[in-house]
Amino acid sequence: MTVEELLQARGLKNTGCRKYILGELLKRESAMSETELKESYPNLFDRVTLYRTLKTLEDRGIIHRIVLCDNSVKYALNRNHHEGSAQHTHFHCGKCDEVLCLKGTAHFDAELPKGFVLESVIVTIEGVCAACMRAARPRSVKS
Ligand SMILES: [Zn+2]
Ligand SMILES: [Zn+2]
């Protein structure tokens, strides 16, 4: 799917900022923070425009926000595996800070106290990604 198709499908106009954000997110698998989005083109948009655009894209169901343990926020595209399931799992690499949306649903079997109502389950798996594991693995002297 292209940026134009994404915007058209949700009835949104093709503005520069929307195009830029979606273009960046489409390029990679991992989620991006506001700062990361701004880093590539620091002077292209002001903070307010960027923030408002992210909000619009989120409201229209094109992207979703991921809040991490330290309260930092990243944004990811809603891809096919997000359709129909509000709850999905994220993976956060503690070394490079990369965040990925995982396929499949999280298993949840905690018991709620009587009278409590479940609204959503947000699961973030903390760990180390494959690239960081490869980088950290010491090379053996004898091969
Ligand atoms: Zn990593
Ligand atoms: Zn996600």
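Residues numbered from 1 in each chain as written. Chains lettered and ligands numbered in written order. Predicted model: local features only at pLDDT ≥ 70, side-chain atom pairs only at ≥ 80, totals over all residues.

**A short note on the sheet that holds strand 1 (residues 32–33)**
Strand-to-strand pairing in sheets goes through backbone hydrogen bonds, with the strands running parallel or antiparallel. In space, the three strands of this open sheet follow the order 1-3-2, with antiparallel pairing throughout. Every interior strand has two partners, whereas the edge strands, strand 1 and strand 2 (63–67), have only one. With five bridges joining them, strand 2 and strand 3 (residues 73–77) adopt antiparallel strand pairing. Bridge pairing in strand 3 links Ile66 to Lys74. Set on the sheet, helix 2 (residues 16–27) makes contact with strand 1, strand 2 and strand 3; between it and strand 3 the angle comes to about 80 degrees. (Pairing = 2+ DSSP bridges. Helix = DSSP H or I, 4+ residues; strand = E, 2+ residues; numbered from the N terminus. Contact = placed C-beta atoms within 7 Å. Axes fitted to C-alpha atoms, helices over the stretch in contact; angles between N-to-C directions.)

**What to know about the pairing of strand 4 (residues 89–93)**
Regular strands show a simple pattern: their side chains alternate between the two faces of the sheet. Residue alternation in strand 4 divides its side chains into a buried set, His90 and His92, and an unburied set, Thr89, Phe91 and Cys93. Of the pairings in the sheet, the one linking strand 4 to strand 6 (residues 123–127) comprises five bridges and is parallel in character. Bridged to Thr89 within strand 6 is Val123. The sheet contact formed by strand 4 and strand 5 (residues 99–101) spans three bridges and is antiparallel. Its bridge partner lying in strand 5, Phe91 is registered against Leu100. (Buried ≥ 20, exposed ≤ 12 C-beta atoms within 10 Å, placed from the backbone.)

Purely geometric stuff here, so don't read any function into it on its own.
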